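# Analysis of the macromolecular model
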Amino acid sequence: MIASQHVFSRLGIRHFRRLREVEVEIRPLTVLIGANGAGKTSFLDVWALLAESAAGRLQEYLAARGGLAEILTRDKQDAPTDQPEPLRLELAMEVPRFEPLAYQVTMAPAGNAYLISEEELSQPKPGREITRSGALIRF
């Protein structure tokens, strides 16, 4: 008996540590190669962040790393008081016999915490979509 597989097919990352704007097509074998400091560990840390978020432990994950503000990309010329760009993650997952699922989340620091300003889980057909913008949730 062959089990159906739900496979991640794409990961987009905006403003996470050294990863200013990255989009990676995920295949059965994805290899990360690069010089020290290029962002390989940051790429893996995004997967950890997503896993902790899915398990309901995002606040603890971020707190252990000094808060969201500490893991956002900043330009070297930015003054310490300049607000960094918000973190944006986009994830696509293949679902057998259905259209792919797409998830995206945008979050920004809010003092010692974080604010999820936008979150969406969608599937093109049959048109399923859950969108959250601030406190507003639409189905």
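Further up the page is the structure itself.
Quick look at the structure, then. All of these numbers come straight from a predicted model, not from anything done at the bench.

## Structural notes on helix α1 (residues 40-54)
Between the first and last C-alpha of α1 there are 22 Å, a value that for 15 residues agrees with the 21 Å anticipated at 1.5 Å per step. By the burial criterion, the buried members of α1 are Ser-42, Phe-43, Asp-45, Val-46, Leu-49 and Leu-50. Down the axis of α1, the buried set is contained in an arc of 160 degrees. They therefore lie on one face. Within α1, the exposed residues directed more than 90 degrees away from the buried face are Thr-41, Leu-44 and Ala-54. On its buried face, α1 is in contact with β1 (7-16), β2 (19-25), α2 (58-64), β3 (87-94) and β4 (101-110).

## Digging into the side chain of Gln-104
Note that Gln-104 resides in strand β4. Within the structure, Gln-104 has its side chain in polar contact with the side chain of Arg-88 (distance 2.4 Å). When residues no more than four places from it in sequence are discounted, the contact partners of Gln-104 are Arg-88, Leu-89, Glu-90, Glu-118, Glu-119 and Glu-120.

## Side note on a nonpolar patch on the surface
Together, Leu-29, Val-31 and Ile-33 make up a nonpolar patch on the protein surface, roughly 390 Å² of accessible area in all. Within the element layout of this structure, Leu-29 appears in the loop between β2 and α1.

## A closer look at unusual backbone geometry
Backbone geometry places His-15, a non-glycine residue, at a positive phi of 70 degrees. Note on placement: His-15 falls in strand β1. Here the phi dihedral of Arg-97 falls at roughly 70 degrees; this positive angle occurs in a residue that is not glycine. Summarising the element assignment, Arg-97 is placed in the loop between β3 and β4. Since its relative accessible area comes to 75%, Arg-97 is described here as exposed.

## A word on the nonpolar core
In this structure, Ile-13, Leu-49, Leu-87 and Leu-89 are the most contacted members of the largest nonpolar core, which totals 22 residues. When contributions to this core are tallied by element, the ones reaching two or more residues are β1, β2, α1, α2, β3 and β4. Take this core: its biggest share by element is four residues, from α1. When near neighbours in sequence (up to four residues on either side) are disregarded, Leu-49 contacts Phe-16, Leu-58, Tyr-61, Leu-62, Ile-71, Leu-87 and Leu-89.

## What to know about the pairing of β3
Burial of β3 is extensive: seven of the eight residues sit out of reach of the surface. Bridge analysis of β1 against β3 gives seven bridges, and the strand direction is antiparallel. When the bridges of β3 are listed, Val-7 appears paired with Glu-94. The sheet contact formed by β3 and β4 spans seven bridges and is antiparallel. Bridge assignment links Met-93 to a residue of β4, and that residue is Leu-101. Linking β3 to β4, which pair antiparallel, is a turn of six residues; within it Arg-97 sits at a positive phi near 70 degrees.

## Here we look at the layout of surface pockets
A volume near 310 Å³ is recorded for the largest pocket. Within the residue set of the lining of the largest pocket, elements represented by two or more residues are α1, β3, β4 and β5 (113-123). Within the lining of the largest pocket, the residues separate by chemical class into 17 nonpolar, one polar and one charged.

Calculation rules
Residues numbered from 1 in each chain as written. Predicted model: local features only at pLDDT ≥ 70, side-chain atom pairs only at ≥ 80, totals over all residues. Heavy atoms only, no water. Helix = DSSP H or I, 4+ residues; strand = E, 2+ residues; numbered from the N terminus. Expected span 1.5 Å × (residues − 1). Buried < 20%, exposed > 50% of the residue type's maximum accessible area, 1.4 Å probe, protein only. Arc of directions from axis to C-beta. Contact = heavy atoms within 4.5 Å. Polar contact = N/O pair within 3.5 Å; in protein donor to acceptor, adjacent residues only side chain to side chain. Patch = residues over 30% accessible without salt bridge, like charges linked within 9 Å, V, L, I, M, F, W, Y side chains within 5 Å. Areas by Shrake-Rupley, 256 points an atom, 1.4 Å probe, with all protein chains shown as cover. Salt bridge = Lys/Arg side-chain N within 4 Å of Asp/Glu carboxyl O. Core = buried A, V, L, I, M, F, W, Y, C linked by side-chain atoms within 4.5 Å. Pairing = 2+ DSSP bridges. 1 Å grid on protein atoms, 1.4 Å probe; cavity = no way out; pocket = protein on both sides within 12 Å on 5 of 7 lines; lining within 4 Å. Points joined across faces, edges and corners; volume = space filled by probe spheres on them. Nonpolar A, V, L, I, M, F, W, Y, C, P; charged D, E, K, R; others polar.

Remember that the coordinates give geometry; whether it matters functionally is a separate question.
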